[in-house]
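One-letter residues, chain by chain:
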Amino acid sequence: MVTEMRNEHIDQKNKGTHPHKFTLWVGIASIIMTFAGLTSAFIVKKHAPGWSTTEVPVIFLYSTIIILASSATVHLSLKAFKERNMLRYRSLITITALLGLLFIVCQIIGFSQLWNAGITLEGSGAAQFLYIIFGLHALHVLGGAIALFVIFFRAYSSKVRRYNVVPVEVVSTYWHFVDALWVYLYIFFLINV
Amino acid sequence: MSNDVALHGHPEVVGSHEAHAHHHKETFITKYVFSQDHKMIAKQFLITGMVWAVIGGLMSVLFRLQLGFPDESFPWLEDVLGRWAKGGKISAENYYALITMHGTVLVFFVLTGGLSGTFANFLIPLQIGARDMASPMMNMLSYWFFFGGSIVMISSLFVQTGPFSGGWTAYPPLSALGDASPGSKVGMDLWIISMAMFIISQLLAGLNYISTVLNMRTKGMSMNRLPLTVWALFFTAVLGVLSFPVLLSGVVLLIFDRHAGSSFYLSDIFIASTNTALPNEGGSAILYQHLFWFLGHPEVYIILLPAMGIASEVLSVNARKPIFGYFAMIISMFAITVLAFLVWAHHMFVTGLNPFLGSVFVLLTLMIAVPSAIKVFNWLTTLFKANIRFTPAMLCAIGFVSLFISGGLTGIFLGNSTLDIHLHDTYFVIAHFHIVMGVSAFFGMFAGVYHWFPKMYGRYMNNTLAYIHFWGTIIGAYLIFWPMHYEGFAGMPRRYLDYGIWESFKQFAELNKFISIVAIITFALQFLFLFNFFYSIFKGRKVKDQNPWKANTLEWTTPINPGHGNWPGEIPEVHRWAYDYSKDGRDFIPQTEPIDPNESKH
Ligand code: HEM
Ligand SMILES: [Cu+2]
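Since the model is a prediction, treat every value here as computed from it, not as a measurement. (Residues numbered from 1 in each chain as written. Chains lettered and ligands numbered in written order. Predicted model: local features only at pLDDT ≥ 70, side-chain atom pairs only at ≥ 80, totals over all residues. Heavy atoms only, no water.)

Student: A description of the overall build of chain B should follow, citing residues and the corresponding values.
Tutor: What chain B contains, in helices and strands, is 16 helices and 4 strands. In terms of overall size, chain B behaves like a compact globule, its C-alpha atoms giving a radius of gyration of 25 Å where 602 residues would be expected to give roughly 25 Å. A principal-axis box enclosing the C-alpha atoms of chain B has dimensions of 80 × 50 × 50 Å. Among the 602 residues that make up chain B, the fraction classed as buried is 62%. (Helix = DSSP H or I, 4+ residues; strand = E, 2+ residues; numbered from the N terminus. Rg over C-alpha atoms; globule rule 2.2 N^0.38 Å. Buried < 20%, exposed > 50% of the residue type's maximum accessible area, 1.4 Å probe, protein only.)

As structure tokens, this is what we get:
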């Protein structure tokens, strides 16, 4: 941890939260605002005339289970990392990233089921919001998966042999966040359509 | 120690120990272009902002020509501008494009990017005692996203169908339907791309500012010892990271309406130009307004808060008095930040908003007047009975306070929904926000540039030019915008090409001519500032004194030309707040000086 701080040319004493973690929390706040904007737009529109609803495809239930599982694996991988159990860490991180990709695949299947049922982007009902809100969320998961791959390869590169836990903590916090965000969005849609 | 640094004649300031690790060889590219030094990034924001200010200002000169002289044509304009002024007249389409670009450019690229980009970057690390931002890399990216967004916005001026022309607020349907106007085609797509890049830039920057202020303060620099500039820039960043994402979500829906056939904002539309009825149903343009103004109102404070912070600092230093009500200042800024999120619908009183809801927004809006008034009171009390040094920065800071009072008072008119029914979308609104936000933030910026120029470039700007520029600009600003209040009271609407067709507004023909002439003169006067700025970078009087203004804050403890890393040795420790001026018989006591046991309390 200290090495990393030095590289960032900060010679302040290390108080409290690491700046990167802090940056992440503020970033999370702004992602929350994006989705708060979209879901409140949904609520405003819902009470306007001409609103149409859609069943939420069942496959999104499976994606919920998948992303919850990935939250567990990322948690375990962080634990493994802290115990310096690199082998276990790497495999768990890989599983997490793969589960993330699987989640995105499920979302795409869900979208195509809707699309094939004749519900496209035309219109202004729940389904159009669903495409956009779930799609935007999937992009955030994709970003997280990419970050996982980055720290995964970092763990392999021989040059970087320090046990710096900060990046792993940052990515895992982010991952839990997109997971929680998904649960919120899923429940929001279940209740509101 | 790299040769390069020696060659550039810069003192090697990076300390002996850890800071050395990152101080790689500096090339021209890493030093001036892809720099990660917060001070260089600040200068990049400042100079880009200046270029934008000239472009945006020139646009206003062009449309003021039309407004002041609607019946005349200027053949020379066609020689200069080509298709923008066919026959020496600004066409209706170009007029709308010009006012739209003028608003977009000044609000976002000059007064947001240029103002908080410059001073947050420059002042946060220097005043809190940090070597750089929490993430210099993100900081650099923030500038380059800003720059990229600028290029895209500029490029929209050159496309065949012209730039977007539906107003800086980009309301649908003009912004959602390509067929609605020429500017709604490619121009609008470029507007969206550019704004998306701008938003990313602001988010990267804001994240960085917040974590820097909270995590990287030097020893002893507790939050209640921060200079008010840093507090202001901190609240600005908070507003930005919480409100820009909402604009982003509004724009995402807009993109889908434009290109994917959805109808979030569109309903029951018949387009006359193509003679077609559109199939879109169920959309609501008002929804866009909610999303836009949820950003839009905080945005005006994103512009204003940095200017407030700069003014507080400059006033205190040059009044040689502690800022009056330091904590009241912080709490007011906090209140402004919170309230800024709760008043957006005052821009929508006449959209059919439920009158009961409207009265809630009236109340919340008028509540903002309270912290604003506290701040004004504190500034004036700081000036009261002070031994004022009338430096150019000080004059600009006083000018800022004057403009903020004038414009804040008209805000109270507008904040009453019943009055707003009459005043909405008239020149009264134009006058209100140009005075309270536009010109006053410019004066905050001028104050900041004059005050910190010695720290930025190790030279002074020329005072005589600065005084001429100050007086000319403040008189010009009042002469331009004050009369607009009368036009607004008379009901003269904004955003029209020609008012000659109304019998009732013919009385204003001469006034409009007058406003246009003053606007052109005031615009020309700005080149005095620009000349002064660029000339002084190379030829200005050299700073010999490490602390030329006799100020307490930490930036004046760095070498006259600080290198990357800011302090050559250890970062100084802080022992007191930033405002110990004229205390215990001493003119000023820097923050780095330990508290004397016999010292009086402030
Ligand atoms: C005492 C505080 C203030 C009050 C009560 C107030 C109230 C209002 C109201 C009600 C409007 C809407 C007018 C209309 O469109 O009919 C308005 C417009 C505006 N205000 Fe203020 N305001 C205040 C201070 C400020 C400040 C400090 C700024 C900027 C720093 C600002 C910037 C603007 C802008 C940019 C607009 C017009 C936007 C547009 O329609 O293009 N206001 N203000
Ligand atoms: Cu407002």
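Student: Describe in detail the overall build of chain A, supporting the description with residues and values.
Tutor: The secondary structure content of chain A amounts to 6 helices and 0 strands. Of the regular secondary structure in chain A, the N- to C-terminal order runs α-α-α-α-α-α. Long-range pairs, those at least 24 residues apart, make up 81% of the contacts in chain A with a sequence separation of at least 6. When the accessible area of chain A is evaluated, it comes to approximately 8800 Å², of which 68% is carbon and sulfur surface. (Contact = heavy atoms within 4.5 Å. Areas by Shrake-Rupley, 256 points an atom, 1.4 Å probe, with all protein chains shown as cover.)

Student: Report on the coordination of the iron atom of ligand 1, specifying residues and quantitative values.
Tutor: Residue and element names in this part refer to chain B. Donation to the iron atom of ligand 1 from the protein comes from one atom only, His432 (NE2), at 2.1 Å. Between the iron atom of ligand 1 and the copper ion (ligand 2) the interatomic distance amounts to 4.6 Å. You can see His432 is positioned in helix α14 (residues 427–457). (Donors = N, O, S within 2.8 Å, 3.2 Å for Na, K, Ca; no water.)

Student: So, the site of ligand 1: which residues are in play, and what are the values?
Tutor: All names here are of chain B. Taken together, 22 residues are adjacent to ligand 1, and Trp168, Asp420, His424, His432 and Arg494 come closest. Between ligand 1 and Trp168, the relevant distance is 3.0 Å, taken from an oxygen atom to a side-chain nitrogen or oxygen of the residue. A distance of 2.5 Å is found between an oxygen atom of ligand 1 and a side-chain nitrogen or oxygen belonging to Asp420. Elements represented by at least two residues in the shell around ligand 1 include exactly α9 (285–319), α12 (392–415) and α14. (Near = heavy atom within 4 Å. Polar contact = N/O pair within 3.5 Å; in protein donor to acceptor, adjacent residues only side chain to side chain.)

Student: Tell me what's going on with the coordination of the copper ion (ligand 2), and back it up with residues and numbers.
Tutor: Coordination of the copper ion (ligand 2) by the protein comes from B:His297 (ND1), B:His346 (NE2) and B:His347 (NE2), over a distance range of 1.9 to 2.1 Å. Within one chain, the residues serving as donors to the copper ion (ligand 2) are arranged as H-x48-H-H.

Student: Please set out the nonpolar core residue by residue, giving values where relevant.
Tutor: In a soluble, globular protein the nonpolar side chains are often hidden away together inside. All names here are of chain B. Counting 253 residues, the largest nonpolar core has Trp379 and Phe400 as its most contacted members. With 21 residues, the top contributor of residues to this core is α9. Those residues within four positions of Trp379 in sequence are excluded, and the remaining contacts are Met308, Ala311, Ser312, Leu315, Ile323, Met329, Phe400, Val401 and Phe404. (Core = buried A, V, L, I, M, F, W, Y, C linked by side-chain atoms within 4.5 Å.)

Student: Let's hear about the packing of aromatic side chains: which residues, and what values?
Tutor: According to the stated counting rule, one finds 85 aromatic pairs over all chains in the structure shown. Consider the rings of A:Tyr174 and A:Phe177, whose centres lie 6.5 Å apart with planes at 50 degrees: the pair is tilted. Of this pair, A:Tyr174 and A:Phe177 both sit in helix α6 (residues 166–192), separated by 3 residues, roughly a single helical turn. Of the two residues, A:Tyr174 and A:Phe177, both sit in the buried class. Arranged with centres 5.4 Å apart and planes meeting at 75 degrees, the rings of B:Trp168 and B:Phe292 form a pair that is edge-to-face. (Phe/Tyr/Trp six-rings, centres within 6.5 Å; stacked < 30°, edge-to-face > 60°.)

Student: So what's going on with a nonpolar patch on the surface? Residues and values would help.
Tutor: Residues and elements named next belong to chain B. On the surface, Leu380, Ile405, Leu409, Ile412, Phe413, Leu419, Trp482, Tyr486 and Phe489 cluster together into a nonpolar patch covering about 810 Å² of accessible area. Of all the secondary-structure elements, those providing two or more residues to the nonpolar patch are α12 and α15 (463–489). The leading source of residues in the nonpolar patch is α12, at 4 residues. (Patch = residues over 30% accessible without salt bridge, like charges linked within 9 Å, V, L, I, M, F, W, Y side chains within 5 Å. Salt bridge = Lys/Arg side-chain N within 4 Å of Asp/Glu carboxyl O.)

Student: Lay out the environment of B:Ala277 in plain terms, naming residues and giving numbers.
Tutor: All names here are of chain B. When you line up the elements, Ala277 lands in strand β2 (residues 276–277). Among the residues examined, Ala277 registers a relative accessible area of 59% and is labelled exposed. The spacing of Ala277 and Ser332 is 55 residues in sequence and 51 Å in space, taken between C-alpha atoms. The residues touching Ala277, leaving out its near neighbours within four places in the chain, are Ile269 and Phe270.

Student: So what's going on with the pattern of salt bridges? Residues and values would help.
Tutor: Residues and elements named next belong to chain B. Summed over all chains, the structure comprises 15 salt bridges over all chains. With a closest N to O distance of 2.8 Å, Lys550 and Asp545 form a salt bridge. Look at Lys550 and you get partly exposed, because its relative accessible area is 28%. You can call Asp545 partly exposed: its relative accessible area is 31%.

Student: With reference to specific residues and values, describe the confidence of the model for chain B.
Tutor: Residues and elements named next belong to chain B. Across chain B, the average pLDDT comes to 91, with 96% of residues at 70 or higher. Overall, residues 1–23 carries pLDDT values under 50, and its contacts beyond four positions in sequence, including any with other chains, amount to 40 contacts. Quick note on the complex model: pTM equals 0.91, ipTM equals 0.88. (pLDDT = per-residue confidence, 0-100.)

Student: Please provide a residue-by-residue account of the packing of α12(B) against α14(B), values included.
Tutor: Residues and elements named next belong to chain B. For the pair α12 and α14, the least separation of the axes is 8 Å and the interaxial angle reads 160 degrees. When the axes of α12 and α14 are compared, the pair comes out roughly antiparallel. In the packing of α12 onto α14, the handedness of the crossing is left-handed. Per-class residue counts for the contact of α12 with α14 are 18 nonpolar, 9 polar and no charged. (Axes fitted to C-alpha atoms, helices over the stretch in contact; angles between N-to-C directions. Parallel < 35°, antiparallel > 145°, perpendicular 65-115°, else oblique. Left-handed = near helix turned anticlockwise from the far one by under 90°. Nonpolar A, V, L, I, M, F, W, Y, C, P; charged D, E, K, R; others polar.)

Student: Quick one: what's the story with the interface of chain A and chain B, residue by residue and with numbers?
Tutor: On the chain B side, the residues contacting the 33 residues of chain A number 41 residues. Together, the buried faces of chain A and chain B total about 3200 Å²; carbon and sulfur atoms form 69% of this surface. Here chain A is connected to chain B by 0 salt bridges. One can count 4 residue pairs in polar contact (both at pLDDT 80 or more) joining chain A with chain B. Per-element tally for the side of chain A that touches chain B: the top contributor is helix α2 (residues 19–46) of chain A, with 15 residues. (Buried area = accessible area lost by both parts, 1.4 Å probe.)

Student: I'd like to hear about the confidence of the model for chain A, residue by residue, with values.
Tutor: Reading fine detail from the predicted coordinates is not recommended where pLDDT is low. Residues and elements named next belong to chain A. Within chain A, residue pLDDT values average 86, and 88% of them lie at 70 or more. Averaged over each element, pLDDT in chain A is lowest for helix α1 (residues 2–7) (33) and highest for helix α3 (residues 59–82) (95). Across residues 1–14, where pLDDT falls below 50, the model places 31 contacts with residues more than four positions away in sequence or in other chains.

Student: Kindly report on the side chain of B:Glu555, identifying the contributing residues and their values.
Tutor: All names here are of chain B. Within the secondary structure, Glu555 is located in the loop between α16 (509–539) and β3 (581–583). Despite its burial, Glu555 pairs with no opposite charge; the closest candidate is Lys455, at 8.1 Å N-O. Here the side chain of Glu555 touches Trp452 through a polar contact of 2.7 Å, side chain to side chain. (Lys, Arg positive; Asp, Glu negative; His and termini not counted.)

Student: Break down the packing of helix α4 (residues 86–116) of chain A against α6(A) for me, with residues and values.
Tutor: Residue and element names in this part refer to chain A. The N-to-C vectors of α4 and α6 enclose an angle of 30 degrees; their axes lie 13 Å apart at closest approach. One way to sum up the angle between α4 and α6 is to call them roughly parallel. In this structure, α4 crosses over α6, and the sense of that crossing is left-handed. When α4 is examined against α6, the residues Tyr89, Thr96, Gly100, Phe103 and Gln107 are found in contact with a partner set consisting of Val168, Trp175 and Trp182. When the residues that make up the contact of α4 with α6 are grouped by side-chain class, the tally is 5 nonpolar, 3 polar and no charged.

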